[in-house]
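# Architecture at a glance
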Amino acid sequence: MEKIILDCDPGHDDAIAILLAAGNPHIDLLGITTVAGNHTIEKVTRNALSVCAAAGIRIPVARGAECPLVTPQMVGEYIHGDSGLDGPILLPATYELDPRHAVDFIVETVMTHEPKTVSLVPVGPFTNIALAVRTEPRIVERVKKVVVMGGAYTRGNVTPGAEFNIYVDPEAAEAVFRADWDVTMVGLDLTHQALATDELQERVRAIGGQISDFVLAVWDFVGSTYQKQYGFDVPPVHDACCVAALIDPDLITTALADVHVELHGEWTKGTTVVNFRDIPGMNHTNGVALRQTDFRTSVALSLDWPKFADLVVDAIERLSAPVVNR
Ligand code: PIR
Ligand code: CA
């Protein structure tokens, strides 16, 4: 079992990540922490509780940072709508928020579990994670893995270079990449392979019931904004890829790289500058001697989509089954 804290900003694909984490038997979802990103902290926190209500799950939800560390706030309404999760019916919360701030939740959870047993899965801007590292630096050696959704080595989705989660809080992202822990960067290069295809949607439709309806409404809404904004036929399920990578590491291939976040560029702010150690033609050191230890981020390259789709279907089936059968 992989113990994880899912740090998210639901968010359509965040909602699917919550369902995958809650429904998969190899994941022990210790808590959901929220961060302003796709929408304000009020809205994404309410949405996290609504997803839990829709799926009948009861996992601690702790509210986190309301704005980035330095950069002025920006929300992703153009993709996620006015609620941050337009499309499905958003049920009222069925339980109270955890009383702790997300940063305290993360620090306490990591420090009270055995070393190297808890992994962090940031799938919104990395504000809470950066604040947690500054609050309690010992979490860096204590955390097992950090599997982030963010960045890209080919092309961004906010600007030509920058991906949303990094663009929104680039200083936090740079702090997370600089910390000496085991980070996997699941960027757009990978998540654009994780598409909610018609085939996947039909398999979810066949399950039937409230959770299936919820997921289809999520994909229906975000599918139409992705069509409008990016010309995609079907929407990507970005954030669920990080959870899938922890369930089955064979699902994604990775390569080691030195990753930095551009903090000052006029056209490139928030871009992840990715220097691969071993990929011919994608190492741009040009004679500048980097230490081998600088290449410490595993960057996701390719996804086993059939296995990914199976995991998503399986989690929805399990969550939809009567409680006695789970
Ligand atoms: C997706 C997101 C934000 C903006 C766009 N255009 C698309 C959200 C997703 O929830 C995901 O975590 C990440 N940010 C992808 O950039
Ligand atoms: Ca997200």
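Scroll up to find the structure.
The notes below deal with the structure included here. Keep in mind the model is a prediction, meaning the values are calculated, not measured.

## Notes on the coordination of the calcium ion (ligand 2)
Every protein donor of the calcium ion (ligand 2) is accounted for by D9 (OD), D14 (OD), D14 (OD), V123 (O) and D239 (OD), and the metal-donor separations fall at 2.3 to 2.7 Å. Mapped onto the sequence, the residues coordinating the calcium ion (ligand 2) show the spacing D-x4-D-x108-V-x115-D. In this pair, D9 sits in the loop between strand 1 (2-8) and helix 1 (12-23) while D239 sits in the loop between helix 11 (210-230) and helix 12 (240-247), placing the two residues 230 residues apart along the sequence. Take D9: its relative accessible area is 1%, and that puts it in the buried class.

## Topic: the pairing of strand 8 (residues 272-276)
Counting buried residues in strand 8 gives four out of five residues, a clear majority hidden from the surface. In the sheet, strand 7 (residues 252-261) pairs with strand 8 via five bridges, with the strands oriented antiparallel. Along strand 8, the bridge assignment pairs H260 with V273.

## Concerning the site of ligand 1
Near ligand 1 there are 16 residues, and of these D13, N157, E163, Y230 and D239 occur at the shortest range. Measuring from an oxygen atom of ligand 1, one finds a side-chain N or O atom of N157 at 2.9 Å. Here a nitrogen atom of ligand 1 and a side-chain polar atom of Y230 are 2.8 Å apart. With the chains in place, 100% of the 370 Å² that ligand 1 exposes on its own is no longer accessible. A majority-of-atoms criterion places ligand 1 in the largest cavity. Looking at which element gives the most residues to the shell around ligand 1, the answer is helix 3 (residues 77-80), with three residues. Classifying every residue of the shell around ligand 1 by side-chain character gives seven nonpolar, five polar and four charged.

## Re the packing of aromatic side chains
What the rule picks out here adds up to five aromatic pairs. Taken together, the ring pairs connect Y226, Y230 and F232 into an aromatic cluster.

## Points about the environment of A102
With respect to the secondary-structure elements, A102 resides in helix 4 (residues 102-112). Sequence-wise, A102 and T272 are 170 residues apart; in three dimensions their C-alpha atoms are separated by 25 Å. Aside from chain neighbours lying at most four places away, what touches A102 is T33, T34, A62, R63, G64 and N128.

## Things to note about the packing of helix 1 against helix 13 (residues 305-320)
As a packed pair, helix 1 and helix 13 sit with axes 8 Å apart at the nearest point and diverge in direction by 70°. What the angle tells us is that helix 1 and helix 13 run roughly perpendicular. Helix-helix and strand crossings are classified by hand; for helix 1 and helix 13 the assignment is left-handed. Residues I16, L19, L20, A22 and G23 of helix 1 pack against L311, V312, A315, R318 and L319 of helix 13. Residue classes in the contact of helix 1 with helix 13 are distributed as eight nonpolar, one polar and one charged.

## Quick notes on unusual backbone geometry
The omega torsion across P10 and G11 is -10°, close enough to zero to call that bond cis. Considering the arrangement of structural elements, one finds G11 in the loop between strand 1 and helix 1. Of note in the backbone geometry, K116 takes a positive phi value of approximately 60° without being a glycine. For K116, the location among the structural elements is in the loop between helix 4 and strand 4 (118-122). Judged by relative accessible area, which is 47%, K116 ranks as partly exposed.

## Brief notes about the pairing of strand 6 (residues 183-186)
Every second residue of strand 6 is oriented toward a common face, with V183 and M185 on one face and T184 and V186 on the other, all of them buried. Judged from the four bridges that link them, strand 5 (residues 146-149) and strand 6 form a sheet pairing that is parallel. Counterpart to V147 in the pairing with strand 6 is T184. Relative to strand 9 (residues 297-303), strand 6 is paired through three bridges, and the arrangement is parallel. Residue T184 lies in a different strand from strand 9, and its bridge partner there is S298.

## Looking at the pattern of salt bridges
Should their charged atoms come close, side chains of opposite charge can pair. Tallying each qualifying case throughout the model produces 16 salt bridges. In this structure, D98 and R100 form a salt bridge, with 3.0 Å as the shortest nitrogen-oxygen distance. D98 gets classed as buried once you look at its relative accessible area, which sits at 15%. Judged by its relative accessible area of 30%, R100 is partly exposed. Via salt bridges that share partners, D98, R100 and E108 belong to a single interconnected network.

Parameters at a glance
- Residues numbered from 1 in each chain as written.
- Chains lettered and ligands numbered in written order.
- Predicted model: local features only at pLDDT ≥ 70, side-chain atom pairs only at ≥ 80, totals over all residues.
- Heavy atoms only, no water.
- Donors = N, O, S within 2.8 Å, 3.2 Å for Na, K, Ca; no water.
- Helix = DSSP H or I, 4+ residues; strand = E, 2+ residues; numbered from the N terminus.
- Buried < 20%, exposed > 50% of the residue type's maximum accessible area, 1.4 Å probe, protein only.
- Pairing = 2+ DSSP bridges.
- Near = heavy atom within 4 Å.
- Polar contact = N/O pair within 3.5 Å; in protein donor to acceptor, adjacent residues only side chain to side chain.
- Areas by Shrake-Rupley, 256 points an atom, 1.4 Å probe, with all protein chains shown as cover.
- 1 Å grid on protein atoms, 1.4 Å probe; cavity = no way out; pocket = protein on both sides within 12 Å on 5 of 7 lines; lining within 4 Å.
- Sits in = over half its atoms within 2 Å of the grid points.
- Nonpolar A, V, L, I, M, F, W, Y, C, P; charged D, E, K, R; others polar.
- Phe/Tyr/Trp six-rings, centres within 6.5 Å; stacked < 30°, edge-to-face > 60°.
- Contact = heavy atoms within 4.5 Å.
- Axes fitted to C-alpha atoms, helices over the stretch in contact; angles between N-to-C directions.
- Parallel < 35°, antiparallel > 145°, perpendicular 65-115°, else oblique.
- Left-handed = near helix turned anticlockwise from the far one by under 90°.
- Salt bridge = Lys/Arg side-chain N within 4 Å of Asp/Glu carboxyl O.

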